Amino acid sequence: MTSPSSGPGRTASSCAECGTPAEPGQSFCDSCGAVLGWGGEGRPGRTEPARTAAAGAAPGDSAAPGGSAPAATASRTDAPATARADDSPSATTAPEDDTEPLPHVPASADPQHTGGNADDGPDDDSGPVPDAEAAERARSLLVPVADAEPRAPEDPAVAPVLPGRTAARRPQVRAVGPQADAEGGVPCPWCSTLNRPERHFCSRCAMSMTRGDDAPVRLPWWRRMFADRGAESAWAGERPRLRRGFGRIWNWVVGAVVVGLVIALVVNLGTMVQATRDHFAKRAPIGPSGVKASRSYTGHDAGLAFDKLNNTWWGPGIAESAEGEWLEVTFDQPTRLLDLVITPGTSTRADQLSESALPRRIDAQVTLADGEKITRILTLDQGAGGQRRKFRVGEVTTVRFVLRSAYNAGADKQVAIAEIEFFGPSNNNS
């Protein structure tokens with residue numbers, strides 16, 4: 001770290017870092033602040049070899065009287081150059097040794113030796129600087145530095161977030177608008193959008209810009225269904241769905257069904273209208289003009305079943321179910337019947353149902369004015385009171401009720417019918 005400087009009768013040190021000469025006993029360089037020495041033991045781990053200013057001079061040369069000052073000046077001038085030479089790469093890379101520093105050379109007693117050679121001692125008569133004084137000077141040169149404070153964590157530029165669910169970007173729907181360079185252009189005959197003069201089809205609706213008398217017109221659905229597939233293609237948006245395989249057969253099937261429905265509607269139109277009228281018509285009782293039966297029990301003839309009283313009854317006078325026995329009514333003129341009410345048993349009282357058998361199934365054979373015969377099957381419940389059944393028949397002249405089965409039939413019981421009532425449309429529908 002330190003290097004001796006040449007001079008007559010004195011040993012001077014210079015900074016090994018910058019080459020600046022230093023005073024004897026100085027611990028730090030005045031220029032760069034490097035440590036020049038370590039309290040008599042030297043700097044641990046590194047020492048500089050002692051060099052004298054007279055290394056380049058020949059041995060035995062002596063300085064002439066009066067020339068010591070220039071020699072000392074030259075020696076001090078060459079010290080920085082020597083130090084700089086030591087800072088060369090070769091000096092830096094030289095291995096360090098643990099050599100002890102040179103001992104202090106006492107000052108010469110001869111005051112005339114102002115200059116000298118390498119054998120002359122230093123002219124400094126002062127002793128070594130005490131360690132306490134060097135430590136004090138070192139403390140005065142130190143710059144106080146505050147203790148390192150812990151750095152506060154910096155906020156990141158992007159705050160951490162939880163991973164989100166990937167969502168597809170919504171498509172941007174762009175409506176077709178007028179062209180920017182179509183100002184003063186030709187308007188479309190279909191949608192009135194301005195187009196450039198050189199366009200043949202509209203930029204908005206893709207229709208032809210020339211609309212003449214032969215422009216295609218949308219055909220009705222029945223004409224499109226049976227249209228020729230080899231004809232000219234329709235305009236955009238009017239093309240029917242392509243059908244392959246059974247497409248043409250399906251067209252014929254649909255057509256046949258439609259035609260059949262139309263024919264059925266035309267044939268049954270009158271019946272449908274009459275059924276609608278019957279559904280909303282008011283009901284009125286209708287009495288027959290004549291009554292007869294296959295046989296009757298004594299005191300309970302056929303007329304008691306149509307006398308408007310529910311405590312009188314008709315019976316065939318035969319035990320069990322009396323299958324095949326009948327009761328017939330006639331009308332003096334064709335009559336339209338809507339409903340029918342039959343009261344089974346001897347009366348409407350529930351405690352008297354067990355006194356006779358009750359009709360279960362009755363076949364109503366209807367004869368119309370034109371001679372046509374219609375059979376209606378009536379199934380009754382096993383209960384007391386009148387039971388209403390729909391009996392919509394038009395132009396009726398005769399009705400025969402044939403017994404087929406009965407409830408509670410036995411050897412000591414016969415079938416009984418308390419009342420049969422007919423209802424037709426009222427003449428007063430207001």
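Keep in mind the model is a prediction, meaning the values are calculated, not measured.

Draft legend 1. Inspection of the packing of aromatic side chains at higher detail. In the structure shown here, the tally under the stated rule is four aromatic pairs. When the centroid spacing of 6.4 Å and the interplanar angle of 5 degrees are considered together, the rings of Phe 306 and Phe 422 count as stacked. Note that Phe 306 is positioned in the loop between β7 (290-293) and β8 (326-344) and Phe 422 in strand β12 (residues 417-425), a separation of 116 residues in sequence. Ring plane angle 80 degrees and centroid distance 5.6 Å describe the contact between Phe 331 and Phe 422, whose orientation is recorded as edge-to-face. Placement of Phe 331 in strand β8 and of Phe 422 in strand β12 is noted, with a sequence separation of 91 residues between them. Classification of Phe 331 by relative accessible area gives buried; the value is 8%. Pairwise contacts between aromatic rings join Phe 306, Phe 331, Phe 401 and Phe 422 into one cluster. Across from the ring centre of Trp 326, 3.9 Å away, lies the NZ or CZ of Arg 400, which sits over that ring.

Draft legend 2. Structural detail: the confidence of the model for the protein chain. With 66% of its residues at a pLDDT of at least 70, the protein chain reaches an overall mean of 74. Across residues 40-97, where pLDDT falls below 50, the model places 58 contacts with residues more than four positions away in sequence or in other chains.

Draft legend 3. Spatial organisation of the nonpolar core. By size, the foremost hydrophobic cluster in this structure holds 30 residues, and its most contacted members are Val 399, Phe 401, Ile 420 and Phe 422. For this core, the secondary-structure elements that each account for two or more residues are β8, β9 (358-368), β11 (387-407) and β12. If you tally residues by element for this core, the top one is β11, at seven residues. For Ile 420, the residues in contact, after removing those within four places along its chain, are Ala 305, Phe 306, Leu 327, Leu 340, Val 341, Ile 342 and Phe 401. Formed by five residues, the second largest nonpolar core is a distinct cluster that contains Cys 15, Ala 22, Ala 34 and Leu 36.

Parameters at a glance
- Residues numbered from 1 in each chain as written.
- Predicted model: local features only at pLDDT ≥ 70, side-chain atom pairs only at ≥ 80, totals over all residues.
- Heavy atoms only, no water.
- Phe/Tyr/Trp six-rings, centres within 6.5 Å; stacked < 30°, edge-to-face > 60°.
- Helix = DSSP H or I, 4+ residues; strand = E, 2+ residues; numbered from the N terminus.
- Buried < 20%, exposed > 50% of the residue type's maximum accessible area, 1.4 Å probe, protein only.
- Lys NZ or Arg CZ within 6 Å of the ring centre and 35° of its normal.
- pLDDT = per-residue confidence, 0-100.
- Contact = heavy atoms within 4.5 Å.
- Core = buried A, V, L, I, M, F, W, Y, C linked by side-chain atoms within 4.5 Å.

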